[in-house]
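Survey of secondary and tertiary structure
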Amino acid sequence: MPDLSGKHGLVVGVANKRSIAWAIAQALARSGARLALTYPSARLEENVRELAATLDNPLVLPCDVANDQQIVELGATIDKEFGGLDFFVHGAAFARPEELAAPFSQTSREGFRIALDVSAYSFIALSREVRPLMQKRGGGSILTLTYLGSERVFKNYNVMGVAKAALESAVRYLAAELGPENIRVNAISAGPIKTLAAMGITGFSSILGVYRERAPLARNIDTSEVADAALFLLGPAGRAVTAEILMVDGGFHAMGF
Ligand code: NAD
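Residues numbered from 1 in each chain as written. Predicted model: local features only at pLDDT ≥ 70, side-chain atom pairs only at ≥ 80, totals over all residues. Heavy atoms only, no water.

It is worth spelling out the pattern of salt bridges at this point. According to the stated counting rule, one finds 10 salt bridges in the structure shown. A salt bridge links Glu-45 to Arg-49; its shortest N-O distance comes to 2.8 Å. With Glu-45 and Arg-49 both in helix α2 (residues 42-52), this residue pair falls four residues apart, about one helical turn. Glu-45 sits in the partly exposed class, given a relative accessible area of 23%. The class for Arg-49 is partly exposed, based on a relative accessible area of 38%. Ionic pairing is found between Asp-86 and Arg-137, a salt bridge with its closest N-O pair at 2.6 Å. Note that Asp-86 is positioned in the loop between α3 (68-82) and β4 (87-90) and Arg-137 in the loop between α5 (109-135) and β5 (140-146), a separation of 51 residues in sequence. Under the relative-accessibility criterion, Asp-86 is labelled buried at 8%. (Salt bridge = Lys/Arg side-chain N within 4 Å of Asp/Glu carboxyl O. Helix = DSSP H or I, 4+ residues; strand = E, 2+ residues; numbered from the N terminus. Buried < 20%, exposed > 50% of the residue type's maximum accessible area, 1.4 Å probe, protein only.)

Looking now at the site of the ligand. The local shell around the ligand holds 28 residues, among which Gly-13, Ser-19, Lys-164, Ile-193 and Thr-195 are the closest. Separating an oxygen atom of the ligand from a backbone N or O atom of Gly-13 is a distance of 2.8 Å. Within the backbone of Ile-20, a nitrogen or oxygen atom sits 2.8 Å from an oxygen atom of the ligand. Compared with its free state, where it exposes 810 Å², the ligand has 91% of that area covered by protein. A majority-of-atoms criterion places the ligand in the largest pocket. Broken down by class, the residue content of the shell around the ligand amounts to 20 nonpolar, six polar and two charged. (Near = heavy atom within 4 Å. Polar contact = N/O pair within 3.5 Å; in protein donor to acceptor, adjacent residues only side chain to side chain. Areas by Shrake-Rupley, 256 points an atom, 1.4 Å probe, with all protein chains shown as cover. 1 Å grid on protein atoms, 1.4 Å probe; cavity = no way out; pocket = protein on both sides within 12 Å on 5 of 7 lines; lining within 4 Å. Sits in = over half its atoms within 2 Å of the grid points. Nonpolar A, V, L, I, M, F, W, Y, C, P; charged D, E, K, R; others polar.)

Gaps between atoms show up when a probe of the same size as a water molecule is rolled over them. Inspection of the entire model under this criterion finds one cavity of 30 Å³ or more. One number sums up the size of the largest cavity: a volume of about 30 Å³. As for the largest cavity, its lining consists of Gly-191, Pro-192, Tyr-211, Arg-219, Asn-220, Ile-221, Asp-249 and Gly-250. Residues of the lining of the largest cavity, tallied by class, amount to three nonpolar, three polar and two charged. (Points joined across faces, edges and corners; volume = space filled by probe spheres on them.)

For the largest pocket, the calculated volume is near 1300 Å³. Taken together, 50 residues make up the lining of the largest pocket; nearest its centre are Gly-91, Ala-92, Ala-93, Phe-94 and Ala-197. Every element with two or more residues in the lining of the largest pocket is listed here: α1 (20-30), β2 (34-39), α2, α4 (97-101), β5, α6 (159-178) and α7 (204-214). Tallied by class, residues from the lining of the largest pocket come to 33 nonpolar, 13 polar and four charged. Here the residues of the lining of the second largest pocket sort into eight nonpolar, five polar and three charged.

Two numbers describe how α1 lies on helix α8 (residues 223-234): the axes approach to 8 Å, and their chain directions differ by 55 degrees. Classed by the angle they form, the pair α1 and α8 counts as oblique. For the pair α1 and α8, the crossing hand works out as right-handed. Contacts between α1 and α8 involve Ile-20, Ala-23, Ile-24, Ala-27 and Leu-28 from the first element and Thr-223, Ser-224, Val-226, Ala-227, Ala-230, Leu-231 and Leu-234 from the second. The class makeup of the residues in the contact of α1 with α8 is 10 nonpolar, two polar and no charged. (Axes fitted to C-alpha atoms, helices over the stretch in contact; angles between N-to-C directions. Parallel < 35°, antiparallel > 145°, perpendicular 65-115°, else oblique. Left-handed = near helix turned anticlockwise from the far one by under 90°. Contact = heavy atoms within 4.5 Å.)

Written as structure tokens, this is what we have:
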């Protein structure tokens, strides 16, 4: 485990104890980092505060990632409290359930806008905001979470697949721009895990079964395994890695049928 004491991180995307972002937050905190966690709405605030209370001296701040003003305020508060930032973990994604359930060609203009805005554009907006905070530390590491539905067709993933393709492309463009400032930008492409977001995908349990059957490791993965890979990418061991989409899926992506 890396020693991240004295470092500060922002983790966006904790909804409950099953969230991938929560596993990453716990791993960062165990390594000694001090964290800011966010909640998107009053409805989720209490959940996030309860989880955050188990960490050492966290900041808990509002941030609906579709709201530019909240993103700017988040950056300002973190700057004031932490005086800079070393890590940013982006685990926010959303598509309207009806867009996921309907045939892909039925994707509405508004449904497309919302999915791409929350799940891909927010990564650009938040990265822009944390950039000057990372410059103060002489560099930093940014990480987002994606899924293989960006390049392959998965039933009922639909517009979220398009959003993940945009997100992965944004990883490369941001990595190219921020690299000279020693800010690294990567993504983990995780295998399917039963979380709140995943439950919005019809037939999700059968996807879990297909992975168990076909992945080289012949099992599903869990959030702690994503968190371990995240520590590698965020911490000093990943210092030469940027613009990378790291597959943490038991090897499923390599298989034909
Ligand atoms: P989750 O439901 O726990 O996390 C999704 C998060 O997005 C929630 O915390 C939710 O509050 C947040 N969010 C949605 N709209 C928001 C908004 N407007 N502002 C701020 N936050 C908002 O589910 P998860 O599976 O942990 O998802 C985390 C990330 O991992 C997502 O990007 C997801 O696509 C990705 N992912 C998940 C899986 C999986 O199978 N669970 C696999 C690969 C990638």
